[in-house]
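Here is what each chain is made of, one letter per residue.
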Amino acid sequence: MKAESNESLDLLSVFLTGIPGLEAQHGCLSIPFFTTYTVAIVGNSLIMAAVQADPALHEPMYLFLSMLAVTEVGVSVSTLPTVMGILWFDTRQIDFDGCLAQMFFIHTFSCMESGVLLAMSYDRFVAIYNPLRYTAILTLPRIISMGLGITVKSVTLMAPLSILLRQLPYCHTNVLSHSYCLHSDLIQLPCADTKLNSILGLAIVLATFGLDSLLIVISYMLILYTVLGIASGEGRRKALNTCVSHIGAVLVYYVPMIGVSVMHRATKHASPLVHTLMSSIYLFVPPVLNPIIYSVKTKPIRQGIATLFSCKRELL
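Within an unreviewed UniProt entry, the label attached to the protein chain reads Olfactory receptor 51I2-like, and the organism entered is Camelus bactrianus.

Right under this line is the structure:
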């Protein structure tokens with residue numbers, strides 16, 4: 001059975017689910033979803049372009065922000081084809097390898113996002129703890145090395161999930177509960193023992209999101225300790241103000257993730273619509289809100305984007 005199943009794996013298809021109970025409204029729902037994708041991709045692309053074009057933004061904080069924007073665009077682009085395909089054309093079928101590829105990119109970019117948020121917390125700690133040596137510690141080669149390290153770690157950790165799923169036999173109806181492919185969904189499909197996959201998935205979650213969130217909390221404890229040592233009240237206020245945008249980005253990323261985890265365990269018998277909406281919030285909200293948060297709270301970013309548009313108008 002397993003040999004036959006593996007031989008036909010290349011022909012295996014997976015069927016995605018739209019928004020349960022709202023299938024008749026997919027046409028109308030496509031408008032807010034497409035708007036969300038547009039805002040996320042355009043907003044983050046503008047931040048990347050502004051940082052690249054403005055030499056004043058070639059500082060560690062903004063280079064890390066540009067990395068964060070890359071991961072946000074990656075997550076959005078990874079889910080866009082299947083989500084909009086269902087809402088616009090009711091295209092629910094996807095070949096198995098395509099589904100594995102989408103799963104890999106969604107989880108890899110999410111893992112990279114967590115790593116970049118950790119790097120940004122380190123950036124804020126160095127800026128507050130040792131401002132005189134800030135640029136000497138966070139040099140361009142070091143920042144590039146950190147970005148490459150985050151990328152290599154994410155790819156290395158996520159690749160085995162796809163490889164292990166590829167080796168299992170599939171003989172049930174292959175219907176997923178979302179409009180995109182996630183490991184937690186795909187692991188329910190094989191007609192074989194998936195204990196190894198579950199253990200590996202949990203280990204990866206703990207080694208990435210769990211460890212990253214713990215280190216971010218520790219970094220902010222050290223930042224708070226350093227700030228409390230500043231004699232001037234105005235100095236303390238200015239130091240903490242430099243962290244506001246990053247704290248917002250961390251909350252926007254981790255709160256929906258925790259919410260999805262709690263909902264999955266505490267309300268197993270809740271409507272599928274509830275689980276679908278919570279998962280959508282986790283994937284779609286951070287890419288939309290992060291560029292807005294940084295544009296509103298960070299004046300140099302606003303100026304960089306304004307300069308970008310003024311240059312384009314001059315060229316026209």
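That was the structure; now back to the text.
### Describing the confidence of the model for the protein chain
Detail in the predicted coordinates should be disregarded across regions flagged by low pLDDT. In this model, the protein chain carries an average pLDDT of 87, and 90% of its residues clear a pLDDT of 70 or more. Note on residues 1-5: pLDDT under 50 across the span, and 4 contacts to partners over four residues away in sequence or across chains.

### Brief notes about the pattern of salt bridges
Tallying each qualifying case throughout the model produces 5 salt bridges. The salt bridge partner of Asp123 is Arg124, with a shortest N-O separation of 2.9 Å. The class for Asp123 is buried, based on a relative accessible area of 2%. Of the charged contacts, one joins Asp212 and Lys153 as a salt bridge, the two residues approaching to 3.9 Å between their closest N and O atoms.

### Structural notes on the nonpolar core
By size, the foremost hydrophobic cluster in this structure holds 78 residues, and its most contacted members are Val83, Leu117, Met120, Leu176, Cys181, Leu186 and Ile301. Take this core: its biggest share by element is 18 residues, from helix 4 (residues 96-129). If sequence neighbours within four positions are ignored, Leu176 has contacts with Val14, Phe15, Leu16, Thr17, Cys99, Cys181, Asp185, Leu186 and Leu189.

### A look at a nonpolar patch on the surface
On the surface, Leu211, Leu214, Leu215, Val217, Ile218, Met221 and Leu222 cluster together into a nonpolar patch covering about 610 Å² of accessible area. Note that Leu222 resides in helix 8 (residues 195-228).

Cut-offs used in this document
Residues numbered from 1 in each chain as written. Predicted model: local features only at pLDDT ≥ 70, side-chain atom pairs only at ≥ 80, totals over all residues. Heavy atoms only, no water. pLDDT = per-residue confidence, 0-100. Contact = heavy atoms within 4.5 Å. Salt bridge = Lys/Arg side-chain N within 4 Å of Asp/Glu carboxyl O. Buried < 20%, exposed > 50% of the residue type's maximum accessible area, 1.4 Å probe, protein only. Core = buried A, V, L, I, M, F, W, Y, C linked by side-chain atoms within 4.5 Å. Helix = DSSP H or I, 4+ residues; strand = E, 2+ residues; numbered from the N terminus. Patch = residues over 30% accessible without salt bridge, like charges linked within 9 Å, V, L, I, M, F, W, Y side chains within 5 Å. Areas by Shrake-Rupley, 256 points an atom, 1.4 Å probe, with all protein chains shown as cover.

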